[in-house]
Amino acid sequence: MIDESVKQIAFSGSSHPLWRPSIGHKIGWIFLLVLLVAVANIVVVKQMLNDLNDVAATLNVSGKLRMLSQKIAFETANLSHRKKAKNEAVDVGIRDFEAALTALLKGGSVFGYDIHGLGPQHQGRLQTVRFGWERYRDYIEAVLAEPAGAPMVQQFGSIEEAAAITLADTENLISFIVADAQRTQRHGLTQIYFLLLLDILVLAAAFVAIRRKIVHPLHELSGFCHQLSAGNYDVRVGFRSSDEIGQLAVAFNHSAQRIGGLLGHLKQERQSLARAEAMFRQLAENSGVGVYIVKDDKFHFSNAKMADMFGYERKEMTASVSIFDIVAEEERQAVRENIRRRLDGELQEVHYERRARRKDGTLFDVEVFGSTMQVDGRAVTIGVMLDITQRKINEREGQLAALAYQHTSEAIMIADAVGTILNINPAFTEITGYQEHEAVGRNIRILRSGLQDRTFYQAMWQAINTEGKWQGEIWNRRKNGELYAERLTINTSYHEDGTVYRRVALFSDVTEKKQAESLIWKQANFDFLTGLPNRLMFHERLKQEIKKSECAGLPLALMFLDLDNFKEINDTLGHEVGDQLLQQAAQRLRSCVRGSDMVARLGGDEFTLILGELADVGVVERIARKILQTLAEPYLLADEALYVSVSVGITFYPDDAIEPEELIKNADQAMYAAKDRGRNRFNYFMRSMQEAAQGRRRLARDLRTALTEGQFWLSYQPIVNLRTGVIDKAEALIRWQHPSRGLVSPAEFVPIAEETGLINAIGDWVFLEAARQAVEWRKTHGPGFQVSVNTSAVQFRRDGIRSAEWLTWLEELGLPGDGIAIEITEGLLMDAGTRVSDTLLAFRDAGIAVSIDDFGTGYSSLSYLKKFHIDYLKIDQSFVRSLGPDSSDLALCEAMIVMAHKLGIRVIAEGVETADQRDLLAAAGCDYAQGYWFSAAVAAEDFPLSC
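Residues numbered from 1 in each chain as written. Predicted model: local features only at pLDDT ≥ 70, side-chain atom pairs only at ≥ 80, totals over all residues. Heavy atoms only, no water.

Next up on the list: the overall build of the protein. Counting its regular elements, the protein contains 30 helices and 29 strands. Split into buried and exposed, the 947 residues of the protein put 44% on the buried side. Across the protein, every contact between residues at least 6 apart in sequence was considered, and the portion connecting residues at least 24 apart equals 60%. In the form shown here, the protein has an accessible surface area of approximately 49700 Å², with 54% of it arising from carbon and sulfur atoms. (Helix = DSSP H or I, 4+ residues; strand = E, 2+ residues; numbered from the N terminus. Buried < 20%, exposed > 50% of the residue type's maximum accessible area, 1.4 Å probe, protein only. Contact = heavy atoms within 4.5 Å. Areas by Shrake-Rupley, 256 points an atom, 1.4 Å probe, with all protein chains shown as cover.)

On to the sheet that holds strand β7 (residues 378-387). In space, the 5 strands of this open sheet follow the order β4-β3-β7-β6-β5, with antiparallel pairing throughout. The sheet is open, and its two edges are formed by β4 (298-302) and β5 (349-357), each paired on a single side. Along the sheet, successive strands turn relative to each other by an average axial angle of 35°, direction set aside. Where β5 and strand β6 (residues 363-375) come together, 9 bridges link them in antiparallel fashion. Counterpart to E353 in the pairing with β6 is E367. Contacts between helix α9 (residues 332-343) and the sheet are confined to β5, β6 and β7, with β7 contributing the most and set at about 135° to the helix. (Pairing = 2+ DSSP bridges. Axes fitted to C-alpha atoms, helices over the stretch in contact; angles between N-to-C directions.)

Left-over empty space is what a probe sized like a water molecule reveals as it rolls over the atoms. Counted under the stated rule, the structure contains 4 cavities of 30 Å³ or more. For the second largest cavity, the calculated volume is near 70 Å³. Y292, V294, I323, V335, I339, R342, Y352, R354, V368, T381 and M385 together form the lining of the second largest cavity. Counting residues per element, the lining of the second largest cavity draws most heavily on α9, which supplies 3 residues. Of the residues in the lining of the second largest cavity, the class split is 8 nonpolar, 1 polar and 2 charged. (1 Å grid on protein atoms, 1.4 Å probe; cavity = no way out; pocket = protein on both sides within 12 Å on 5 of 7 lines; lining within 4 Å. Points joined across faces, edges and corners; volume = space filled by probe spheres on them. Nonpolar A, V, L, I, M, F, W, Y, C, P; charged D, E, K, R; others polar.)

Next up on the list: the sheet that holds strand β13 (residues 556-563). If you trace the 5 strands from one edge of the open sheet to the other, you get β14-β15-β13-β18-β19, paired in mixed fashion. Looking at which strands have only one partner, the edges of the open sheet turn out to be β14 (598-603) and β19 (682-684). Averaged over all pairs of adjacent strands, the angle between strand axes in this sheet comes to 20°, irrespective of strand direction. Where helix α15 (residues 535-552) meets the sheet, its contacts fall on β13, β14, β15 (606-611) and β18 (646-653), and the angle it forms with β14 comes to roughly 140°.

Take the confidence of the model for the protein next. A residue-level look at the protein finds 89% of positions with pLDDT of 70 or above and a mean pLDDT of 83. Within the protein, the lowest mean pLDDT, 41, falls on helix α1 (residues 2-13), and the highest, 96, falls on strand β28 (residues 928-929). Confidence drops under pLDDT 50 across residues 1-18; counting only partners more than four residues distant or on other chains, this segment forms 11 contacts. (pLDDT = per-residue confidence, 0-100.)

Here we come to helix α29 (residues 888-902). Spanning 15 residues, α29 covers 21 Å between terminal C-alpha atoms, matching the ideal 21 Å at 1.5 Å per step. Those residues of α29 that fall on the buried side of the exposure criterion are D889, L890, L892, C893, M896, I897, M899 and A900. Downstream of α29 by a residue or two, G904 has a phi angle that is positive, lying close to 75°. (Expected span 1.5 Å × (residues − 1).)

Here we come to unusual backbone geometry. That bond from Y653 to P654 is cis: its omega, 5°, falls within 30 degrees of zero. In this model, N565 sits at a positive phi of 60°, which is unusual for a non-glycine residue. Positionally, N565 belongs in the loop between β13 and α16 (566-573). Residue class for N565 comes out partly exposed when judged on its relative accessible area of 39%.

Following the criterion strictly, the structure yields 38 salt bridges and no others. As a salt-bridge pair, R340 and E337 come within 2.5 Å of each other at their nearest N and O atoms. Residue R340 and its partner E337 are both found in helix α9; the two are separated by 3 residues, about one turn of the helix. What makes R340 partly exposed here is its relative accessible area of 33%. Residue E337 is classed as partly exposed on the basis of its relative accessible area of 31%. One salt bridge connects K675 with D562, and the closest N-O pair in it is separated by 2.8 Å. Placement of the pair is K675 in helix α19 (residues 660-676) and D562 in strand β13, with a sequence separation of 113 residues. Three or more residues joined by partner-sharing salt bridges are found here, namely E337, R340, R341, D344 and E346. (Salt bridge = Lys/Arg side-chain N within 4 Å of Asp/Glu carboxyl O.)

Position of V418 relative to the elements: it lies in the loop between β8 (411-415) and β9 (421-424). Using a relative accessible area of 63% as the deciding quantity, one classes V418 as exposed.

Extensive coverage of β15 is indicated by the burial of 6 of its 6 residues. Of the two faces of β15, the one carrying E606, T608 and I610 and the one carrying F607, L609 and L611 are both buried. Sheet analysis places β13 next to β15, joined by 6 bridges and oriented antiparallel. When the bridges of β15 are listed, L558 appears paired with I610. Alignment of β14 against β15, held across 5 bridges, turns out to be antiparallel. The residue bridging M598 from the neighbouring strand is I610, located in β15. The hairpin turn running from β14 into β15, its antiparallel successor, is 2 residues long, and G604 in that turn takes a positive phi close to 60°.

Turning our attention to the packing of aromatic side chains. Throughout the structure, instances matching the rule amount to 19 aromatic pairs. Seen from their ring centres, F310 and F364 are 5.3 Å apart, and the 55° between their planes marks the pair as tilted. Here the residue F310 occupies a position in helix α7 (residues 304-310), and F364 occupies one in strand β6, the gap between them amounting to 54 residues. Across this residue pair, the class does not change: F310 and F364 are buried. Within the aromatic cluster, the residues linked to one another by ring pairs are F712, W736, F749 and W765. In this arrangement the basic side chain of R502 is found over the ring face of Y501, its NZ or CZ atom lying 4.1 Å from the centre. (Phe/Tyr/Trp six-rings, centres within 6.5 Å; stacked < 30°, edge-to-face > 60°. Lys NZ or Arg CZ within 6 Å of the ring centre and 35° of its normal.)

Let us now look at a nonpolar patch on the surface. A surface patch of nonpolar side chains, amounting to about 450 Å² of accessible area, comprises L32, L35, L36, V39 and V43. Inspection of the secondary structure puts L35 in helix α2 (residues 23-82). (Patch = residues over 30% accessible without salt bridge, like charges linked within 9 Å, V, L, I, M, F, W, Y side chains within 5 Å.)

Considering the arrangement of structural elements, one finds R503 in strand β12 (residues 500-509). No salt bridge is formed by the buried R503, whose closest oppositely charged neighbour, D416, lies at an N-O distance of 7.7 Å. A polar side-chain atom of R503 sits 3.3 Å from a polar atom in the side chain of N465. Not counting chain neighbours up to four residues away, the residues in contact with R503 comprise M413, I414, A415, D416, A417, W461, I464, N465, N491 and T492. (Lys, Arg positive; Asp, Glu negative; His and termini not counted. Polar contact = N/O pair within 3.5 Å; in protein donor to acceptor, adjacent residues only side chain to side chain.)

Next up on the list: the environment of E473. Mapped onto the elements, E473 comes out in strand β10 (residues 469-477). Spatially, the C-alpha atom of E473 lies 8.6 Å from that of V510, the residues being 37 residues apart in sequence. Apart from residues lying up to four places away in sequence, E473 is in contact with F456, E486, R487, K514 and E517. Looking at E473, its side chain comes within polar contact range of the side chain of K514, at 2.7 Å.

Bringing helix α3 (residues 88-106) into the picture now. The terminal C-alpha atoms of α3 lie 26 Å apart, and with 19 residues this matches the ideal 27 Å at 1.5 Å per residue to within 8%. Immediately beyond the C-terminal end of α3, within one or two residues, lies G107, with a positive phi of roughly 90°.

A few words on the environment of W765. Of note, W765 is situated in helix α22 (residues 759-780). Sequence-wise, W765 and L707 are 58 residues apart; in three dimensions their C-alpha atoms are separated by 8.3 Å. When residues no more than four places from it in sequence are discounted, the contact partners of W765 are L707, F712, W713, L714 and I734.

Structure below.
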């Protein structure tokens, strides 16, 4: 693939598609140039040598001329002395001289030398030699022509003279020829030096060209290759050429790019694979179903849900458990066949239901979705398994749903998106009076009463359209025109595209319940004797008034009132007279305050007044004096005049305190100061009154070390099942064994713990100790035994309840959530923020029961009971204490029991001290009871097995 890419890039990068110079061509050109230079060197040197040889031959021939001229003269003289007529040697010399002279003049071969004729620069000298030779030859021939014996003196003189001239001319010619030869030699050397320099330049140019065009690119390319091999895939070759190195550079760049891209793609795929694997594990670990992979009939992978479903540990599941260990024996062959068919490719996936076996041997129903996948090159089976035990139950129960639809006491109405009624059940007809043919096809507006305004319906439909549901209470009208209250729940079913398919409404007639609830609410928030707001409503109003005063920037006054000597009247004249006195005192207090002020009865003969947003602080004293005067007037009761005074304590927000509890404490201290001063007076709070609180501070100091020093212990009061008479539960009650004070009441130290924040650590200790005890009692009293733990609202509001750690403790102890019940107060639900709601939901999800303690003494809101999925409702002992066959307390208890059961809440009665109270509560349908009749709170070791 890379070769093809390189070829494509190489061809695409060339501007000459038919031909481009290669490295071979370039090297060939360089060596051709060197060869040409070498040939030129040879030619030039050869030519130079030829020239030098020619000059040497010419010099030799010229030298022969000089020698021959002398030899001829010598031979001639010798011949004349001998008187010979003729001498062959002279003739040969003359011929040789002539031949040499001719060769020098015209060129030719002589004496074995091939010479060229002398150049024009020597022709003049050569002609001089020739003229002198001709005269010299004439003298020689003349001498040779004389007869023997003739006198030769004169001739010899001419010959010597001619020979000398010829020798001189020849010497002159030779000297010039030698000079010319030297010039030729110097010119030849110059040419050799020039050729040598040219050779050096050519070789240097070839070296530079080879280094630049071949060596350097190859070296650079080698460096890039090293970088590439080191993992730098962003490296790129910068030079460009059309030869093989350029092709290699292009191929290198392309390869680096491709390798980098492939590695990047591989990295992305690995990351994707890692993400996919992480996603698979995340999905598997957080899945609500069992996920598994089976290899060779053994579990290769199992998520926590899968292991938990079968009662195994995850490590145990993958280490030693076979797929057939979790299959019912009668279905093993079918499972084995399904696995075989999937691994053989006969089936891509399977979906079936079967019976499965847990570690403890119990069987249950599962639904299996299975397929195959490759792990380490081998086919394995992967599957999802669901515990469908509940679904099976639901299917059976679903068969009853149709019967329930027809026979339920709750009305059911199904409408379309625009509110047209499509279907109703018989209960709808029973409640509204509309028969099926009268309701179906009509709009749901036929039930409207007109009591709810347009704003109510806008809010309701906004919730339905945005959230798909609405729940609440509404007044509607029956067919006969009668108004009735209904508890209505509307849910929406949607098409796949998100549009509305159906509206399903469920409602029940709660007219009587509304009346009872109104009564209960009034009883919960108002004092039944005086009609004044009770303690709970007082606390809520005080918080509201503090906020209003803070916003307005105005002070607030709180008065705490206590009737003087009321106990004596109660004891001497009876409770009936005392109650009448309290009623009249309440009326007189109302007449003394402004319309915006609040008068409340906290209990007994204690009253409070909240004077909010005081633009004039002086009004407080005027009201206080008026109260003293008005309540001091005689009361006509029991046919006699009674006189009762009142002591009043006054404190201001924010000068004295900013917290409601502190204000109440301050007013209470000021009231007791008024009593100490003689009663029938009012007293303002002063800081000196806090001396009494020093004892509380010392107690708070000791409280800080009580937990670490082991001074706390728990007592347990049995809770009896009124149907079976068996002790099913126990309430854990904290006790403080002070080293010097002895046993300190929780009523004394719990408020201090709440104020100091120590309630959090104490609450953790109580929960853990109670849970440990529950584990022990489940062994002796049965696996369903439950221990109730009291909690403080402060723990919830200050994040003192660490629900996650509490649940972890239960898990470490091996105690299921239903082994613990958490007791809370009604006031907590009224101020339940997100933190409280989340904590209660966490307890509910863990199976921990939630109980409302002292029900009926606070703000008993049914909506809160339903909203927070309360499990138990504890009737306060104040309703049980005076319980009798015809008492109003019995009616209230019965109302609370019926209400709770309607909401699916079980009821526990507190403070049962007689058999009659027990029997009346059992007859009213109360589920559980506790009190001295059964057992006081005792240490764990003294806890009874039965009552």
